[in-house]
Structure formats: structure tokens, C-alpha cells
Amino acid sequence: MRHLRFILIFSCFTACAEGAVEQPHPSDGSLHHPEGICVLGEQVHVVSSNHDRRYRSGALLSYRVADLIAEGDAFPLAVRNHEHADWPIGFGGVLNLAACIQPSGDRLGEMVLLDRVGRRIVRWQAQEDGTLLCSTGRCVAMPLGGADASGVKTGILDPGPAALDGSALLFSSRVDEQATLLNDSGDLSRVGEAAATRPVTGAPWLLGRQRAVALRLRDGEIESLRVEGWDGARWGVAAADPGFGFALGRFGDLLIAFVEHDGALKSLWHAPLRGQRRRLLRAGGELLAFGGIDRLLERRSAEDGHLIGVVRDLSFDEPEGAALIAEKQLLVSSFGSHSLTLVDLGSGLSRVLVGGGK
């Protein structure tokens, strides 16, 4: 029954996509169902997802960090969509952030954008200041699926964000299919456990949302892992040390620290949360758990989960993307209010920067 429901939802999503209104995405800095946030160098890149297909495509808006934390309105440096020369033709019906890859050694930072409707990705390299470029001057969209001779869709049907290891990407699926591996050579393959669909941000793991299973990407190969100590995860983030991570439990009311050991992801400690949280972010030695009808953010110790402080009366209740863009400055995209909000973790004040009735 669950798989039938997913099929019906996906069919409706596809039908809506085919009947999309062909209006251009606004270029005035407006956001429409903003999703992922990627901080690279001195710039912040925000994905305007176009989730309901109101426009011809979504858009990618780029800001200076300094402009976002300054007093006053925030205007983007650039708005990229189908009207720009470096945007692939037909790309971006519904956009998601697939991966935000920080620079490491001689490797530049990178951002991977995902078109859920077209089942394609585009990879942008980030220059030292965070400016995004494609090596050929025009970005090329890489397919994650296609159709056979009979017109039946092949490949991953509704791809989601990816776990990563180097430049290899392990894409999750939103309809409980098998994950899809895109290796360094550009080859695609369906791999692993179908129930492992929740990526750990900045880490090589996919966690099960409703089952104690996980996958690990290592050197282009997939390993299945047991999960010991919890039975599903809503969200996951990497710890500062390799091999460690944190997760929100499947109902959002439990904070979990885990380590990979002996072929399993083993719980180190659990900490009950004060409500049901939708998002989790690591900020140095703290974990930030937030999102929910009570508009509350909990600051928790990354060492043992104890409560450090609470930020109340947030100006959003439906967060999608989030990133720490400066010391104690948390940027959050709100899906329903089409807005960007800056939360000062020190003072507890939140300020709407873009949208939200401004």
C-alpha cells in the first residue's frame, strides 16, 4: 500500500510538471519555495526550488555573506535560471540541492544541483571566493535516468540529495527505491538497500528513514551497514571527526550520536528533545535542532547532547535549508513563506532577509 501511495504521488507530480505554467522565474531576488543553502568561500547559494511548477524553472540565487549579515535588505549577486547562458536548456523544473562540497586540499569546492522532474544534475565548481563556474563556460546536465524503447522510465524515478565521498555521489530516492551511485567516471548504477534513503549531510552515509539500515560510500564502492541503537532517522549531519555523525530520530524527538564500527553505525548516546524537530545542524561544538509548530531552536552539546540554550519565537515554522554563515549567525530558508531568515544564536533574535511579506 505504501509503494502504491508513492506511485500515485509521483504520477501527480509528473502530471503537474507536464502542465507547468511557462512563466519566467522572477529575477528581482524573489524566492519561490526555497530549499537548500550552500556556503562556499565568501558566497551563499540558495536554491529556489519552484516546487509547485509555477514558473518555467527554479533558480539559483547567490549572495555575499557580508551582505546577508549586514543591516538592511539583502540583494543577490546573481540569479541563475533558464534565461542565462550557462543554464542548460530545459533544466531545473523543480530544483533541489543535491550536494554542497567544501574545498579540500587541491580540490575546489563544488555545488551539485538536482532537477527532480528531468532527473538530471549540474555540477558547478566554486572559485576561492565562492563564485560558481562551469569548466566549459556552459553547464552540461548529466542524466540520472531515461526511458527504454517502450517509453518506460528507467533509472531512479525521484532522486533526492546525495551522500558523498570525494567526487562520487550516492543519490537517495524519495520513493524507497534503491540508491543510485554516480562514480568518478560518470557511470550510474543502482546499489544497496532500498530502505536507506536519508543522506547524512557532508558524510558518506545514507540512513534508513523507518528501518535500522544504512549504506556507506567508500572509494567508489557501496557497503551495507547495520544500525544499532535506533530504528530510523529523519535527518543526519556529519561530526567534526571522520566516522562519527549525528541524527534526528525518525519522529524528530530524539538526538542521536553514532560511530561507524565493525560494519555498523552504533549509537553512542541519545538525548530526548523538547519537541519534534525537523532539521539538525552542527555548529562547531554545538548541535542545533529546530523546526516545528512551537518555533523553537534547541542548542545542544555535540559532546553529550545536554541542553545549552533555547532560541524562542523564530520567524519560521517550515525550514528546508540551513547553514551557519558566520559566528552564531544561522541562515534558514522557509519553504512555505518563500523567505530567508537570519537567526542570531547569541541574542536569540531572528530577522527576515528575503520574502516573508517584506
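Predicted model only: the values in this text are computed from it and were never measured. (Residues numbered from 1 in each chain as written. Predicted model: local features only at pLDDT ≥ 70, side-chain atom pairs only at ≥ 80, totals over all residues. Heavy atoms only, no water.)

J.: Sorry, what's going on with the sheet that holds strand S23 (residues 264-272) here?
T.: Consider a sheet: its strands pair through backbone hydrogen bonds, and that pairing is either parallel or antiparallel. Strand order around the closed barrel formed by 8 strands is S16-S17-S18-S19-S23-S22-S21-S20, with mixed pairing between neighbours. Pairs of neighbouring strands in the sheet enclose a mean axial angle of 30 degrees, with direction left out of account. In the sheet, strand S18 (residues 213-218) pairs with strand S19 (residues 221-228) via 6 bridges, with the strands oriented antiparallel. When the sheet's bridge partners are listed, Arg 216 is paired in S19 with Glu 223. (Pairing = 2+ DSSP bridges. Helix = DSSP H or I, 4+ residues; strand = E, 2+ residues; numbered from the N terminus. Axes fitted to C-alpha atoms, helices over the stretch in contact; angles between N-to-C directions.)

J.: Honestly, the confidence of the model for the chain in this entry has me stumped. Any pointers?
T.: If pLDDT is low for a region, its predicted coordinates should not be looked at in detail. Summarising the model, the chain shows a mean pLDDT of 88, and 91% of its residues fall at 70 or more. Low pLDDT (under 50) marks residues 1-20, which in the prediction has 19 contacts with non-local residues, meaning those over four places away or in another chain. (pLDDT = per-residue confidence, 0-100. Contact = heavy atoms within 4.5 Å.)

J.: Please explain the environment of Gly 252 as it appears in this structure.
T.: Structurally, Gly 252 can be placed in the loop between strand S21 (244-249) and strand S22 (254-261). Sequence spacing of Gly 252 and Leu 132 is 120 residues, and the spatial spacing of their C-alpha atoms is 34 Å. Filtering out sequence-adjacent residues up to four positions away, Gly 252 remains in contact with Arg 234, Leu 273, Gly 275, Gln 276 and Arg 277.

J.: Can you help me understand the packing of aromatic side chains in this one?
T.: In this description, a pair of aromatic rings is defined by centroid distance and the angle of the planes. Under the defined criterion, the tally for this structure stands at 6 aromatic pairs. Plain terms: the ring middles of Trp 205 and Phe 258 are 5.3 Å apart, the flat faces sit at 70 degrees to each other, and that makes the pair edge-to-face. Here Trp 205, found in strand S17 (residues 205-208), pairs with Phe 258, found in strand S22; they are 53 residues apart in sequence, far enough to count as distant. Measuring from ring centre to ring centre gives 5.4 Å for Trp 230 and Phe 258, while their planes differ by 35 degrees; the resulting arrangement is tilted. (Phe/Tyr/Trp six-rings, centres within 6.5 Å; stacked < 30°, edge-to-face > 60°.)

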